[in-house]
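# Architecture and fold: a report
These are the residues of each chain, in order.
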Amino acid sequence: MVDISQRLKFSRYRLDRQAHIEVDYVKCRRCTHRACLTACPAQCYLAHAENGVLFNYEGCLECGTCYVICDLGALKWNYPKGGCGVNYRFA
Amino acid sequence: MNSNNFDVIVVGAGPAGITAALLLARKGLKVTLLERGEFPGSKNMFGGAVFGRVLHDIIPEYWTKAPFERFISRKMITMLAEDSAVSLDFHSAAFKKPPYNGFVVQRTSFDRWYAQEAVKAGAVLLTQTVADDIIREGSQVVGVMARRPQGELRAKVVIAADGAVSLLAKKAGLRREFTPNQFSLGVKEVVQLPAGALEERLGLTGDEGMSNEFLGRMGGGLHGGAFIYTNRDCLSLGVVAQAHSLKARKATIYDALDQFKRHPAVAPLLEGGRFLEYSAHLIPEAGINMVPQLFTGGMMVAGDAAGLVLAGGVFLEGVNFAIAAGKAAAETAIQAFEKGSFDQAAMAEYEVRLKESFVLQDIDRFKTAIPMLLNERLYEVYPSFVCRTLENWFMVDGTGHPKLAGMVKRLLGEDMGLWQMTKDGYQFGRAMLW
């Protein structure tokens, strides 16, 4: 599997202290597909023994794929604070 | 007038929002353009092409001013099988001349330049500003709540151009919950090539450029396609996958991108390349099926936020649709100020204008392409079938060449029946031909 964190190092991030997406792991435990683990293009969702998934917001590309595919309403999805998050150089 | 009061608030400095702000400012209206990124373009991502005829109407001969990489003189469409590919390779002399058909641009420089044109016209650009909600008075939208101290911004008209995942359209009650079959995810890498390699490998001179859009079953069985666009001395390449197939297949788009880069038709282009950037964005692809209610009293929705993207098989256009929608929104707002009326009836003019332009006409005309794009055989069967057929037909192995029909029938039998192909052929016809 490709380690996407190596590629994300090439982009400049300004980190918010607070996560812009909140995950309700109580709902994640009920999830049968855990598609966010593979659908997120930035590998922000990692497998977690107890909760099923563990979300790290730091590498988020703010695309919204997790929000669109989550069918349990487990995500309180939002954009990062103004000026925070990823800053592209080209895109 | 209070500094937090405007005639128009535009949310999102992408092509739709910038166009609206620019045209409103030119009319002398007090307009602010909110952008959540550090600068316009810092969050924006796309494959690579701007079809700028609509921009030429707004900024004549924009290509003499805008930062572009290359104009597209060579357009390719490729069907991709596992280790073979068949392309349509179109060269056009007309595409090399003003007003040019399309340009490859990088959004961080293009959107930044375009936003400065709006600022020069008098728009107030507020960067690093997220609009969290709309403000209502009764049924009328009268402003937005920005995520910052004294964040209450008021205006007669709000134009939401806040991107594919438009939280504002949702908060205004103009759109329902998003679903996976409305979107594709696109990821892109920018790869620096050795000096002169790009021109040499693609047969380009001067500012000539190429776009190549690939259709096929992507790695891991993802349904979608891939693309390559030429920048000045680097390539933009990426993979697009339908969100529902990402969900169903449990395959990753970055593994699919890696597989695409290793394909024998692609790998030689990237030889000696140096990785520069990885980016991702959603594409609203469900056309008319996902266009929200486009307006309400005091508010209009434009660009990706309104799902105004043409996903018509061989066409995948967004920026030109965004610019045209931003223009229609601005013209509607200008007329509303002339009449002094900003209610729902005044904003309804926006939809009329979109229906009179190519924006809703093309999206409506190609709504028949949506069933085709969701047909799994478009990815699973046909590209490899076409490649295999040609491989067999062109193979000179001492057994002689059969006529095409017999061979098609034989190869087809391995995948499916003639009846299925006829039905799919009809679906393709409805989508693209008539």
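A quick note: this is a predicted structure, and the numbers were derived from the prediction, not measured. (Residues numbered from 1 in each chain as written. Chains lettered and ligands numbered in written order. Predicted model: local features only at pLDDT ≥ 70, side-chain atom pairs only at ≥ 80, totals over all residues. Heavy atoms only, no water.)

## Here we look at empty space enclosed by the protein
A water-sized probe, rolled over the atoms, reveals where empty space remains. Per the counting criterion, the structure on display carries 7 cavities of 30 Å³ or more. Around the largest cavity sit 16 residues that line it, and Cys28, Cys31, Cys36, Cys70 and Ala74 of chain A are the ones nearest its centre. Mapped by element, the contributors of at least two residues to the lining of the largest cavity are α2 (25-30) and α4 (65-69) of chain A. The class makeup of the residues in the lining of the largest cavity is 12 nonpolar, 1 polar and 3 charged. As a volume, the second largest cavity reaches approximately 100 Å³. Considering the residues around the second largest cavity, the lining is formed by Pro180, Asn181, Phe183, Ser184, Gln242, His244, Glu285, Ala286, Ile370, Leu373 and Leu374 of chain B. (1 Å grid on protein atoms, 1.4 Å probe; cavity = no way out; pocket = protein on both sides within 12 Å on 5 of 7 lines; lining within 4 Å. Points joined across faces, edges and corners; volume = space filled by probe spheres on them. Helix = DSSP H or I, 4+ residues; strand = E, 2+ residues; numbered from the N terminus. Nonpolar A, V, L, I, M, F, W, Y, C, P; charged D, E, K, R; others polar.)

## Some words on the packing of helix α10 (residues 344-356) of chain B against helix α11 (residues 358-365) of chain B
All names here are of chain B. The contact between α10 and α11 brings their axes to 4 Å, and the two run at 65 degrees. Residues Glu351, Leu354, Lys355 and Glu356 of α10 pack against Phe358, Val359, Leu360 and Gln361 of α11. Classifying every residue of the contact of α10 with α11 by side-chain character gives 4 nonpolar, 1 polar and 3 charged. (Axes fitted to C-alpha atoms, helices over the stretch in contact; angles between N-to-C directions. Contact = heavy atoms within 4.5 Å.)

## Let's talk about helix α16 (residues 418-433) of chain B
Residue and element names in this part refer to chain B. Buried residues of α16: Asp424, Gly429 and Ala431, and no others. An end-on view of α16 places all buried positions within 165 degrees of arc, on one side of the element. Structural note: α16 exposes Leu418, Trp419, Tyr426 and Leu433 on the side pointing more than 90 degrees away from its buried face. Those residues of α16 that are buried are in contact with α12 (369-373), α13 (377-380) and α14 (382-394). (Buried < 20%, exposed > 50% of the residue type's maximum accessible area, 1.4 Å probe, protein only. Arc of directions from axis to C-beta.)

## Describing α14 of chain B
With 13 residues, α14 of chain B ought to run about 18 Å at 1.5 Å a step, and its terminal C-alpha atoms sit 18 Å apart, in line with that. Here α14 of chain B has its buried residues at Tyr382, Pro383, Phe385, Cys387 and Thr389 of chain B. (Expected span 1.5 Å × (residues − 1).)

## Some words on the pairing of strand β14 (residues 234-242) of chain B
Along any regular strand the residues' side chains alternate between the sheet's two faces. Residue and element names in this part refer to chain B. Counting buried positions along β14 gives 9 out of 9 residues, so the element sits mostly inside the fold. Alternating residues of β14 divide into Cys234, Ser236, Gly238, Val240 and Gln242 and Leu235, Leu237, Val239 and Ala241, and every residue in both groups is buried. Relative to β14, strand β11 (residues 183-192) runs antiparallel, the two being bridged by 9 bridges. Bridge pairing in β14 places valine 187 opposite valine 239. In terms of strand pairing, strand β13 (residues 222-230) meets β14 through 7 bridges, oriented antiparallel. For tyrosine 229, the partnering residue across the bridge sits in β14 and is serine 236. The antiparallel pairing of β13 with β14 creates a hairpin that spans 3 residues between the two strands. (Pairing = 2+ DSSP bridges.)

## Examining the domain arrangement of chain B
Frequently, the measure chosen for interface size is the accessible area removed from exposure when the parts meet. Residues and elements named next belong to chain B. We note that the domain assignment places domain 1 (5-67 + 107-175 + 290-356), domain 2 (70-104 + 177-286) and domain 3 (371-433) within chain B. Computed from C-alpha atoms alone, the centre-to-centre distance between domain 1 and domain 2 is 28 Å. Contacts between domain 1 and domain 2 engage 25 residues on the former and 29 residues on the latter. Of all residues in domain 1, the largest losses of buried area upon contact with domain 2 belong to Met45, Trp63 and Met290, amounting jointly to 30% of the total for that side. Across the pair lysine 170 and glutamate 177 runs a salt bridge, and its minimum N-O distance is 3.6 Å. Broken down by secondary-structure element, the contributors of at least two residues to the side of domain 1 that touches domain 2 are β3 (49-50) and α2 (53-58). (Domains from an automatic or database assignment. Buried area = accessible area lost by both parts, 1.4 Å probe. Salt bridge = Lys/Arg side-chain N within 4 Å of Asp/Glu carboxyl O.)

## As for the packing of helix α9 (residues 319-339) of chain B against α10 of chain B
Geometry of a packed helix pair, given as the angle between the helix axes and the separation of the axes. Residues and elements named next belong to chain B. Look at α9 against α10: their axes get within 9 Å of each other, and the N-to-C directions meet at 145 degrees. Crossing geometry of α9 relative to α10 is assigned as right-handed. Contacts from Ala325, Ala328, Ala329, Glu331, Thr332, Gln335 and Ala336 of α9 reach α10 at Ala346, Met347, Glu349, Tyr350, Arg353 and Leu354. Considering only residue class, the contact of α9 with α10 consists of 8 nonpolar, 2 polar and 3 charged. (Left-handed = near helix turned anticlockwise from the far one by under 90°.)

## A look at the interface of chain B and chain A
If you look at the interface, chain B gives 50 residues, while chain A gives 42 residues. Here chain B and chain A share an interface that buries about 4000 Å² over both sides, 54% of which is from carbon and sulfur atoms. Linking arginine 12 of chain A and glutamate 38 of chain B is a salt bridge whose minimum nitrogen-to-oxygen distance equals 3.0 Å. Only α3 (107-120), α4 (167-171), β11, α6 (243-249), α7 (253-262) and β15 (274-284) of chain B provide two or more residues apiece to the side of chain B that touches chain A. Top element by residues in the side of chain B that touches chain A is β15 of chain B. It accounts for 8 residues. When the residues that make up the side of chain B that touches chain A are grouped by side-chain class, the tally is 23 nonpolar, 11 polar and 16 charged.

## Considering the packing of aromatic side chains
Applying the stated criterion across every chain yields a total of 23 aromatic pairs over all chains. The interplanar angle of 35 degrees and the centroid separation of 4.8 Å between the aromatic rings of tyrosine 45 of chain A and phenylalanine 55 of chain A together place this pair among those described as tilted. Of this pair, tyrosine 45 of chain A sits in strand β3 (residues 45-48) while phenylalanine 55 of chain A sits in strand β4 (residues 52-55), and the two are 10 residues apart along the sequence. A relative accessible area of 4% means that tyrosine 45 of chain A is categorised as buried. Judged by centre distance (5.7 Å) and plane angle (70 degrees), the ring pair of phenylalanine 90 of chain B and phenylalanine 95 of chain B falls under edge-to-face. The class for phenylalanine 90 of chain B is partly exposed, based on a relative accessible area of 40%. Arginine 107 of chain B extends its terminal NZ or CZ atom over the ring of phenylalanine 46 of chain B, reaching a point 4.8 Å from the ring centre. Above the face of the phenylalanine 39 of chain B ring, arginine 112 of chain B is positioned so that its terminal group lies 3.8 Å from the ring centre. (Phe/Tyr/Trp six-rings, centres within 6.5 Å; stacked < 30°, edge-to-face > 60°. Lys NZ or Arg CZ within 6 Å of the ring centre and 35° of its normal.)

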